[in-house]
Each structure stands twice: as structure tokens, then as C-alpha cells.
Amino acid sequence: MYFKFFMNKSISLMKKNSMLKIIYNSLINLPSPMNISYWWNFGSLLGLCLSIQIITGFFLSMHYAPNINLAFNSIIHMMHDVNYGWIMRYIHLNGASMYFICMYIHIGRGIYYHSFNLISVWMVGIMIYFLSMATAFLGYVLPWGQMSFWGATVITNLISAIPYLGNMMVEWIWGGFSVENPTLNRFYSLHFILPLIITMMILIHLMYLHNTGSNNPLGTNSNLYKIPFNFFFSIKDIMGFIFMMFILFLIITLKPNIMNDPENFIEANPMLTPIHIQPEWYFLFAYAILRSIPNKLGGVIGLLMSIIMLTTLPLMNFMYKFQSNSFYPINQMLFWMFINTFILLTWIGSKNIELPFTTIGKILSFLYFLYFIINPLSLIMFNKIKYMK
């Protein structure tokens, strides 16, 4: 009885206060399609992952020294001497992997259920993806291990492929003629500020989403039957939070370095190059595409296009009569082939540059881009057959 009275008083207060009214309309009374499944949970899980990364990153920054002579030892100091420093570092390290797992599933769900029809929401989402990749790359450099240093050297060197301006831009990013102290300093500053920009972009993403409303598995107009977000979907979100936190803490307590490269336990040495340089697992698909193109500039273009191609999906909007691959068997099959190609590219990116991995990488890169050509063609054929009938 007291709880019900408290809830009624809280709701009436929210309705009077303009700021609380926005929160009430966004988190409690938001009209949501009644048939959205657990695949729609990954948006809120991404918000949780980002919050965890910002909080743990803030605590880690208190003990981190952005200097090439101190950075590696400051990480060891955090792990051994700082109270609960080890758990903060492992949450941050494995939290990044959880963030990208959720992001790839979120994007995959968007492709399968044609959420790119909400063009503004989709485009802002792709921008968030770009910024997240940049933030993760900058963070990977900070521990100043062997793979961090050489990863930074290889990736920043790709900019030199840009005609005329490339070499000048690389030196400007480095703050000198190689990856040195100025590079680490500016990477640390950018790694700190980019999550705040991502947070701002997420608010814009949600603003556009709440303006148009969520998509649903059927892809039909869901205005006929919508239900309030709370308690129906907030409970589902909380369940997702508990499940994800359980997996995260399972990794931290049992296999905390499963996502970490063994080379990163060695302090950065510019005079000793690792046998096989590779980025973190969530960049491996793009890295495999980069390696499969023999030309340096062509490889950089391929790397960028692997993500930019996602922005072309809303151009197919006019071809769809139904907003879900469930109604297009051929497109459904093509989608799962695309997912398998993505997973295999991730695997190939972790392998040495030798036969047969180089040949397989070229075939898979071709299939990756072919999806964006064959998918609309199959739709045109489907619509023609339907019209002929």
C-alpha cells in the first residue's frame, strides 16, 4: 500500500517537473511495440557496457602515467599495489570485448530486421561504431606493451598511404618521427575524451529512436498495439544486465587474460618486432580485409569500406515490401552467409601471413563485399517474380 502511494506521488511529481517528465516519457511511459524480442536488449546492454567502461576508466586514470618510461610499470602498480586495482583493470579490459560483442549483435539485428529503415537512427549508430573503434584502438596503445606499441606503429602508418599529405599527417599524429612520448600523451587524452563524445552521440541516437519508435520483428506498423516500456521491457533489460554481468565476472575470475595478447606482457621495445603483429579480436575482420589487398592505399580503402558499406543499406529501403528478412528466404540465407564470412575473417586476421590463409582471406574479403551487391539484386528478382505472378 505504501509502495503504491509512493509510486503515484513520484509519477505525479514527474509529470509536473519538465526534466523529470522527459525521463518519465523516455524510460517509463515510452510506447514500445509489444512483440520486440530479446534481440532488442543489446541496445540497453551497450549503454551498461559504456557506463562500466567510463567508471572503471576514470578510476584507472588516477594511477596511470602517460609516459613511455612509466606507463608499463604503472599498469603493474595498479595490478599489484592499488586496492582492487586488478579488478578495475580486468573489468575495463574484458568490458571492451563485451561492448563489441553487444555492438556486433546489435548491428546484426539491425541488418536482419531492417532497422536501417530508420535512417537517422542508423546513420548516428554507424558514427557511434566508428568512434567506438577509434576509442578502443587508442586504449589498446596505453598499456605500452609490445603489441600495443607495434599495433600503434602499423595502424598509424596506414595514413601514409594518402597521396601527398600522408607522411605529413603521420608525423603530425606521432608528434615526431616515430611512436614516442608525445604519441602516448595525445592518445591518452583522446581516449579520455572520446567516450564523452560517444555518450553525446548515444543521446542523439536515442532522441531519433524515440521520435520514430522502435522497429519490431514483423516489420509492420506497430502503432496499432504498443505497451508502456515499464514494467514490461525494463524487467527484460534488467534480466539481460544480470546475465551479462554474470558472464563478465565469470571471465574476470576464471580467465581474465583470455582476450589479452601474450606479447602485451612484455614492455614495448622499438628495437624488437613481434613475429606476428595483430590488433584486438574485434578489429581482426577489418585487418584481414586490409591484408588481403596487396596495394597499401587499396588496403586502407578496403578497411574503411568494410564499415562504410553499412551506410549503403538504407538505399535499398524502396525495394523492401516487408521490413524483415524472415519474409525473404534467399536474403535470410545470404545474411547468415555474411555472418559466417565475418566470423571467418576474424579467424583469418589472427593467422600468420602465409598460405593457405592469404588465399582464404582474399576469397572471404570478396564474399564480404559481395553481400552488399547480391542482397539488393536478390530483392529485385524477388519483386519481379511477385509482379509477374
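Bear in mind the structure is a predicted one, so any value in this text is a computation, not a measurement. (Residues numbered from 1 in each chain as written. Predicted model: local features only at pLDDT ≥ 70, side-chain atom pairs only at ≥ 80, totals over all residues. Heavy atoms only, no water.)

Asks: Sorry if this is basic, but what is going on with the overall build of the protein here?
Replies: Of regular secondary structure, the protein possesses 14 helices and 2 strands. Taking all 389 residues of the protein together, the buried fraction comes to 46%. Expressed as a percentage of contacts within the protein between residues at least 6 apart in sequence, the contacts between residues at least 24 apart total 78%. When the accessible surface of the protein is summed, it comes to about 21,400 Å², and 73% of that surface belongs to carbon and sulfur atoms. (Helix = DSSP H or I, 4+ residues; strand = E, 2+ residues; numbered from the N terminus. Buried < 20%, exposed > 50% of the residue type's maximum accessible area, 1.4 Å probe, protein only. Contact = heavy atoms within 4.5 Å. Areas by Shrake-Rupley, 256 points an atom, 1.4 Å probe, with all protein chains shown as cover.)

Asks: For this particular structure, what's the right way to read helix α13 (residues 329-349)?
Replies: Because each turn of an α-helix spans 3.6 residues, side chains separated by three or four positions in sequence point in the same direction. In this model α13 runs 30 Å from its N-terminal to its C-terminal C-alpha over 21 residues, within 8% of the 30 Å that 1.5 Å per residue would give. Those residues of α13 that fall on the buried side of the exposure criterion are N331, L334, F335, F338, T341, F342, L345, T346, I348 and G349. The buried residues of α13 occupy an angular sector of 160° when the element is viewed end-on, so they sit on one face. Away from its buried face by more than 90 degrees, α13 exposes P329 and M333. (Expected span 1.5 Å × (residues − 1). Arc of directions from axis to C-beta.)

Asks: Whenever I open this one, the nonpolar core confuses me. Can you help?
Replies: Side chains that are nonpolar tend, in soluble globular proteins, to be buried together. Counting residues in hydrophobic clusters, the biggest one holds 91 residues, and the most contacted among them are Y99, I111, Y129, W144, F285, L310 and Y368. Apart from the residues within four sequence positions on either side, Y368 is in contact with F285, I289, S306, F338, T341, F342 and L345. (Core = buried A, V, L, I, M, F, W, Y, C linked by side-chain atoms within 4.5 Å.)

Asks: Any chance you could explain helix α4 (residues 71-80) here in plain terms?
Replies: Taken together, the buried positions of α4 are occupied by A71, F72, S74, I75, M78 and M79. Take α4 and look down its axis: the buried residues cluster within an arc of 165°, on one side only. Tucked inside the fold, the buried residues of α4 contact α3 (42-61), α5 (85-112) and α9 (181-212).

Asks: Would you mind going over the environment of L290 with me for this structure?
Replies: Structurally, L290 can be placed in helix α11 (residues 284-292). Separated by 71 residues in the primary sequence, L290 and G361 place their C-alpha atoms 9.6 Å from one another. Excluding anything up to four places from it in sequence, L290 contacts L158, G299, V300 and L303.

Asks: What's the story with the confidence of the model for the protein in this structure? I'm lost.
Replies: Predicted coordinates in areas of low pLDDT are best not read in detail. Overall, the prediction assigns the protein a mean pLDDT of 84, with 86% of residues at 70 or greater. With pLDDT under 50 throughout, residues 1-6 is counted as low confidence; its partners more than four residues away or in other chains account for 0 contacts. (pLDDT = per-residue confidence, 0-100.)

Asks: What is the right way to read a nonpolar patch on the surface from this model?
Replies: Taken together, the side chains of I55, F58, F59, M62 and F192 present a nonpolar region at the surface, about 500 Å² in accessible area. Along the chain, the position of F59 falls in helix α3. Taking relative accessible area as the criterion, F59 reaches 38% and is therefore assigned partly exposed. (Patch = residues over 30% accessible without salt bridge, like charges linked within 9 Å, V, L, I, M, F, W, Y side chains within 5 Å. Salt bridge = Lys/Arg side-chain N within 4 Å of Asp/Glu carboxyl O.)

Asks: What is the right way to read the packing of helix α7 (residues 146-157) against helix α8 (residues 166-174) from this model?
Replies: Packed helix pairs are characterised by how far apart their axes lie and by the angle those axes make with each other. Relative orientation of the contacting elements α7 and α8 amounts to 145°, with a least axis distance of 10 Å. Counted together, T153, T156 and N157 of α7 and V170, I173 and W174 of α8 form the full contact between these two elements. In terms of residue class, the contact of α7 with α8 is built from 3 nonpolar, 3 polar and no charged. (Axes fitted to C-alpha atoms, helices over the stretch in contact; angles between N-to-C directions. Nonpolar A, V, L, I, M, F, W, Y, C, P; charged D, E, K, R; others polar.)

Asks: What am I meant to see in the environment of G95 here?
Replies: With respect to the secondary-structure elements, G95 resides in helix α5. On the accessibility criterion, G95 (4% relative accessible area) is buried. C-alpha of G95 to C-alpha of Q53: the two residues are 42 residues apart in sequence and 6.5 Å apart in space. Here G95 is in contact with Q53, Y90 and L248, once residues within four sequence places are set aside.

Asks: Would you take a moment to explain the packing of aromatic side chains for this structure?
Replies: For any two aromatic rings, the description comes down to two numbers: the centre-to-centre distance and the angle of the planes. By the definition in use, this model includes 32 aromatic pairs. Taking 5.1 Å as the distance between ring centres and 40° as the angle between the ring planes, the aromatic pair formed by W40 and Y113 counts as tilted. Residue W40 is found in the loop between β1 (31-33) and α3, and its partner Y113 is found in the loop between α5 and α6 (119-141); the two are separated by 73 residues along the sequence. Taking the relative accessible area as the measure of exposure, Y113 reaches 13% and is therefore buried. Ring plane angle 65° and centroid distance 5.1 Å describe the contact between Y112 and F335, whose orientation is recorded as edge-to-face. With a gap of 223 residues between them, Y112 in helix α5 and F335 in helix α13 connect regions that are remote in the sequence. (Phe/Tyr/Trp six-rings, centres within 6.5 Å; stacked < 30°, edge-to-face > 60°.)

Asks: How do you make sense of the packing of α3 against α5 when you look at a structure like this?
Replies: Where α3 meets α5, the closest approach of the two axes is 9 Å, and the angle between their N-to-C directions is 155°. One element, α3, and the other, α5, form an angle in the roughly antiparallel class. Between α3 and α5 the crossing geometry is left-handed. (Parallel < 35°, antiparallel > 145°, perpendicular 65-115°, else oblique. Left-handed = near helix turned anticlockwise from the far one by under 90°.)

Asks: Can you help me understand the side chain of D237 in this one?
Replies: Relative to the assigned elements, D237 resides in helix α10 (residues 232-254). Summary of buried charges: D237 has no salt-bridge partner, and the nearest side chain of opposite charge, K236, is 7.7 Å away. If near-sequence neighbours (up to four positions away) are discounted, D237 is found in contact with N41, S44 and F229. (Lys, Arg positive; Asp, Glu negative; His and termini not counted.)

Asks: Can you help me understand the state of the cysteines in this one?
Replies: What is meant by a disulfide is a covalent connection between two cysteines, made through their sulfur atoms. All chains considered together, the criterion is met by 0 disulfides. The thiol of C49 is unpaired, and the distance to the nearest cysteine sulfur, on C102, comes to 4.3 Å. Residue C49 is classed as buried on the basis of its relative accessible area of 3%. Looking at C102, the relative accessible area reads 3%, which means it is buried. (Disulfide = S-S within 2.5 Å.)

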